[in-house]
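Residues per chain, in single letters:
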Amino acid sequence: MALTAETESRLYRSLRAAAGAAAHLVALGFPTAVAVLARPGSSLFSWHPLLMALAFSFLMTEALLIFSPETSLLRSFSRKVKVRVHWALQLLALLCALLGLGIITYNKHLNGKAHFVTWHGLTGLLTVLYASGQCTGGLFLLYPKLMKNWTLAKLKLYHATSGLVGYLLGCASLMLGMCSLWFTTMVTSVSWYFAMLCPLLTSLVIMNQVSNAYLYRKRSQH
């Protein structure tokens, strides 16, 4: 029996809500697991994986899920409040990422090791630089009068799509980090595959959210 359009829509919203709830759990669970593995404070290096997991798994994911119509933790608040919280979380994510980058760079220097020679190191550096630019670009949305020749709708579209690229870079960096000798020594067998699924799941949820909010809507207007 064919499903009605209303039933399909309700089913789709339910699936999105379930995926969003799972993304919230993963966003918190992944850095918690990394903290258990890294034991922050046991060495200088131990802070690097924790800070990067906090930046790109927890803070940045939650900053984007704030705008989810199904699973936002601030669903009952105004958009202005959501924007301010989004900005604060993104700034915290950037600070964690910069600190994590600084720590691993200094740790490599202390141990006489070359840095930015692996795909993980290069992608991580690119991600942090991109996130810095994205946060700077976000100021134009907070103060749109700075870009008088651009409409607010266009600024939102470009910020959302470029932000999605930055988030995917962050997820890629996390996944490459899970291919490192440190992580593969600590996490083996099926657990490693489950860990790899964490950033993959959140990236798919965020991609769907941004696509539905901006890209598909923009396409339907033409």
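Since this is a predicted model, take the numbers as computed values, not measurements. (Residues numbered from 1 in each chain as written. Predicted model: local features only at pLDDT ≥ 70, side-chain atom pairs only at ≥ 80, totals over all residues. Heavy atoms only, no water.)

Overview of the overall build of the protein
What the protein contains, in helices and strands, is seven helices and zero strands. Order of helices (α) and strands (β) in the protein, N terminus to C terminus: α-α-α-α-α-α-α. Taken along the three principal axes of its C-alpha coordinates, the protein extends 60 × 50 × 30 Å. Across the 222 residues that make up the protein, the buried fraction comes to 38%. Of the charged side chains in the protein, 18 are positive and 4 negative, and the gap between their average positions amounts to 17 Å. (Helix = DSSP H or I, 4+ residues; strand = E, 2+ residues; numbered from the N terminus. Buried < 20%, exposed > 50% of the residue type's maximum accessible area, 1.4 Å probe, protein only. Lys, Arg positive; Asp, Glu negative; His and termini not counted. Charge placed at Lys NZ, Arg CZ, Asp CG, Glu CD.)

Examining helix α2 (residues 47–65)
With 19 residues, α2 should cover 27 Å at 1.5 Å per step; its first-to-last C-alpha distance of 26 Å lies within 8% of that length. The principal kink in α2, of about 35 degrees, is found at Leu 54. Judged by how many residues are buried, α2 sits mostly within the fold: 16 of 19 residues are covered. (Expected span 1.5 Å × (residues − 1). Bend = angle between axes of the 7 residues up to and from the residue.)

Comments concerning the pattern of salt bridges
Inspection of the entire model under this criterion finds one salt bridge. We note a salt bridge from Arg 16 to Glu 70, for which the minimum N-O separation is 3.5 Å. Taken as a pair, Arg 16 in helix α1 (residues 5–38) and Glu 70 in the loop between α2 and α3 (79–110) lie far apart in primary sequence, 54 residues in all. For the pair Arg 16 and Glu 70, one class covers both residues: buried. (Salt bridge = Lys/Arg side-chain N within 4 Å of Asp/Glu carboxyl O.)

Brief notes about the packing of helix α4 (residues 119–142) against helix α5 (residues 152–177)
Contact geometry for α4 and α5: axes closest at 9 Å, N-to-C directions at 160 degrees. Judged by the angle between their axes, α4 and α5 are roughly antiparallel. Here α4 and α5 pass one another in a crossing that is left-handed. By residue class, the composition of the contact of α4 with α5 is ten nonpolar, 14 polar and one charged. (Axes fitted to C-alpha atoms, helices over the stretch in contact; angles between N-to-C directions. Parallel < 35°, antiparallel > 145°, perpendicular 65-115°, else oblique. Left-handed = near helix turned anticlockwise from the far one by under 90°. Nonpolar A, V, L, I, M, F, W, Y, C, P; charged D, E, K, R; others polar.)

What to know about the side chain of Ser 203
Within the fold, Ser 203 resides in helix α7 (residues 189–220). Within the structure, Ser 203 has its side chain in polar contact with the backbone oxygen of Leu 200 (distance 2.7 Å). The contact partners of Ser 203, leaving out residues within four places of it in the chain, are Tyr 167, Leu 168 and Cys 171. (Polar contact = N/O pair within 3.5 Å; in protein donor to acceptor, adjacent residues only side chain to side chain. Contact = heavy atoms within 4.5 Å.)

Description of the nonpolar core
In terms of nonpolar packing, the biggest core is built from 41 residues, with Phe 30, Phe 56, Met 178 and Ile 206 touching the most fellow members. Listing elements by their share of this core, those giving two or more residues are α1, α2, α3, α5 and α7. Top contributing element to this core by residue count: α2, with ten residues. (Core = buried A, V, L, I, M, F, W, Y, C linked by side-chain atoms within 4.5 Å.)

A few points about the packing of aromatic side chains
Taken as a whole and judged by the stated rule, the model has four aromatic pairs. Ring geometry for Trp 150 against Tyr 158: centres 5.5 Å apart, planes inclined by 75 degrees, an arrangement best described as edge-to-face. For the ring pair Trp 192 and Tyr 193, a centre distance of 5.1 Å and an interplane angle of 85 degrees mean the geometry is edge-to-face. Taken together, the ring pairs in this structure connect Phe 45, Trp 182 and Phe 183 into an aromatic cluster. (Phe/Tyr/Trp six-rings, centres within 6.5 Å; stacked < 30°, edge-to-face > 60°.)

Let's talk about a nonpolar patch on the surface
Residues Trp 87, Leu 91, Leu 92, Leu 95, Leu 98, Leu 139, Phe 140, Tyr 143 and Leu 146 make up a contiguous nonpolar surface patch of about 820 Å² in total accessible area. With five residues, α3 is the single largest residue contributor to the nonpolar patch. Under the relative-accessibility criterion, Leu 139 is labelled partly exposed at 33%. (Patch = residues over 30% accessible without salt bridge, like charges linked within 9 Å, V, L, I, M, F, W, Y side chains within 5 Å. Areas by Shrake-Rupley, 256 points an atom, 1.4 Å probe, with all protein chains shown as cover.)

Some remarks on the environment of Trp 47
Relative to the elements of secondary structure, Trp 47 occurs in helix α2. Residue Trp 47 is classed as partly exposed on the basis of its relative accessible area of 37%. Here the alpha-carbon distance between Trp 47 and Gly 100, two residues 53 residues apart in the chain, equals 6.9 Å. With near-sequence residues (within four places) excluded, Trp 47 lies in contact with Pro 40, Gly 41 and Ile 103.

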